[in-house]
Amino acid sequence: AYFERGGVIPSLYLTRAEPPAPELIEAAIRLCKQAVNLMPQDPVALCALGYVKLEKGSVGDAEKLFLKALQKHRKFAEARNGRALAMMKMPGRKDKAMDLAHETVALDREYVAALYTRAMCHLVRMGKDRVDMDHYLEKVLEKAPGHYDAHFKLGAFYESLRYLDK
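About the cut-offs
Residues numbered from 1 in each chain as written. Predicted model: local features only at pLDDT ≥ 70, side-chain atom pairs only at ≥ 80, totals over all residues. Heavy atoms only, no water. Helix = DSSP H or I, 4+ residues; strand = E, 2+ residues; numbered from the N terminus. Buried < 20%, exposed > 50% of the residue type's maximum accessible area, 1.4 Å probe, protein only. Contact = heavy atoms within 4.5 Å. Salt bridge = Lys/Arg side-chain N within 4 Å of Asp/Glu carboxyl O. pLDDT = per-residue confidence, 0-100. Axes fitted to C-alpha atoms, helices over the stretch in contact; angles between N-to-C directions. Parallel < 35°, antiparallel > 145°, perpendicular 65-115°, else oblique. Left-handed = near helix turned anticlockwise from the far one by under 90°. Nonpolar A, V, L, I, M, F, W, Y, C, P; charged D, E, K, R; others polar. Core = buried A, V, L, I, M, F, W, Y, C linked by side-chain atoms within 4.5 Å.

(A) Structural context of the overall build of the chain. Within the chain, the regular secondary structure consists of eight helices and zero strands. Along the chain direction, N to C, the helices and strands of the chain fall in the order α-α-α-α-α-α-α-α. Seen through its principal axes, the chain has C-alpha atoms that stretch 55 × 35 × 30 Å. Taking all 166 residues of the chain together, the buried fraction comes to 45%. Across the chain, every contact between residues at least 6 apart in sequence was considered, and the portion connecting residues at least 24 apart equals 53%.

Below, the structure is given as structure tokens:
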């Protein structure tokens, strides 16, 4: 549902997924803040809070947390991926999001979330760049055949090109 909010992707690709309940997000934020207070140097705790902040819509705060996690562990793929997700929703940062998504995939070619983020970067940049979106969605489905959103978005992509036999 993260990509469903904020008008960052074309309507053809919207699944109309329900966002998490606000009270669950707030409870998760409290829990992750406790983890960060107990382990302020832990990149996993920082990223956990960052991802929950993304769900809340606090992309600036989330991006800072991911950056802090990267300062602790420079090659932490989850932090790079989170930063890319945050930047996708920041004005004028879509190209940087694509760069980070590319770096994340290069760090770990088996990391399904990074492959999906890379595909979503292509989708967010739809006006200038649809090239390779299908390639990355297909890679996601190779590694996670049950990824329903990748199936949906790949189908919508083929439909937009009138490849109805796929």
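There's plenty left to go through after this.
(B) Highlighting the pattern of salt bridges. For the structure on display, the rule yields seven salt bridges. Here E110 and K143 are joined by a salt bridge, their closest N and O atoms 3.3 Å apart. Here the residue E110 occupies a position in the loop between helix 5 (94-107) and helix 6 (112-124), and K143 occupies one in helix 7 (residues 133-143), the gap between them amounting to 33 residues. K153 is paired through a salt bridge with D149; the nearest N and O atoms lie 2.9 Å apart. Pair noted here: K153 and D149 are both in helix 8 (residues 148-160), with a separation of four residues, about one helical turn. Grouping residues by exposure puts K153 and D149 together as buried.

(C) Here's a closer look at the confidence of the model for the chain. Counting all residues, the mean pLDDT for the chain is 91, and 94% of those residues have values of 70 or more. Here helix 8 stands out as the least confident element of the chain, with mean pLDDT 90; helix 1 (residues 22-38) is the most confident, with 98.

(D) Examining the packing of helix 4 (residues 77-88) against helix 6 more closely. As a packed pair, helix 4 and helix 6 sit with axes 10 Å apart at the nearest point and diverge in direction by 20 degrees. In terms of orientation, helix 4 lies roughly parallel with respect to helix 6. Considering the relative orientation of helix 4 and helix 6, their crossing is left-handed. Listed contacts from helix 6 to N81, A84, L85 and M88 of helix 4 are A113, A114, T117, M120, C121 and V124. For the contact of helix 4 with helix 6, the class distribution of residues is eight nonpolar, two polar and no charged.

(E) Representation of the environment of I25. Structurally, the position occupied by I25 is in helix 1. For the pair I25 and G92, spaced 67 residues apart in sequence, the C-alpha separation works out to 27 Å.

(F) Quick peek at the nonpolar core. Of all hydrophobic cores here, the largest spans 56 residues; its most connected members are F3, I9, Y13, L54 and M88. For this core, the secondary-structure elements that each account for two or more residues are helix 1, helix 2 (43-56), helix 3 (59-72), helix 4, helix 5, helix 6, helix 7 and helix 8. Tallying contributions element by element places helix 6 first for this core, with eight residues. Setting aside residues no more than four positions away along its own chain, I9 makes contact with F3, L14, M120, L123, V124 and K153.

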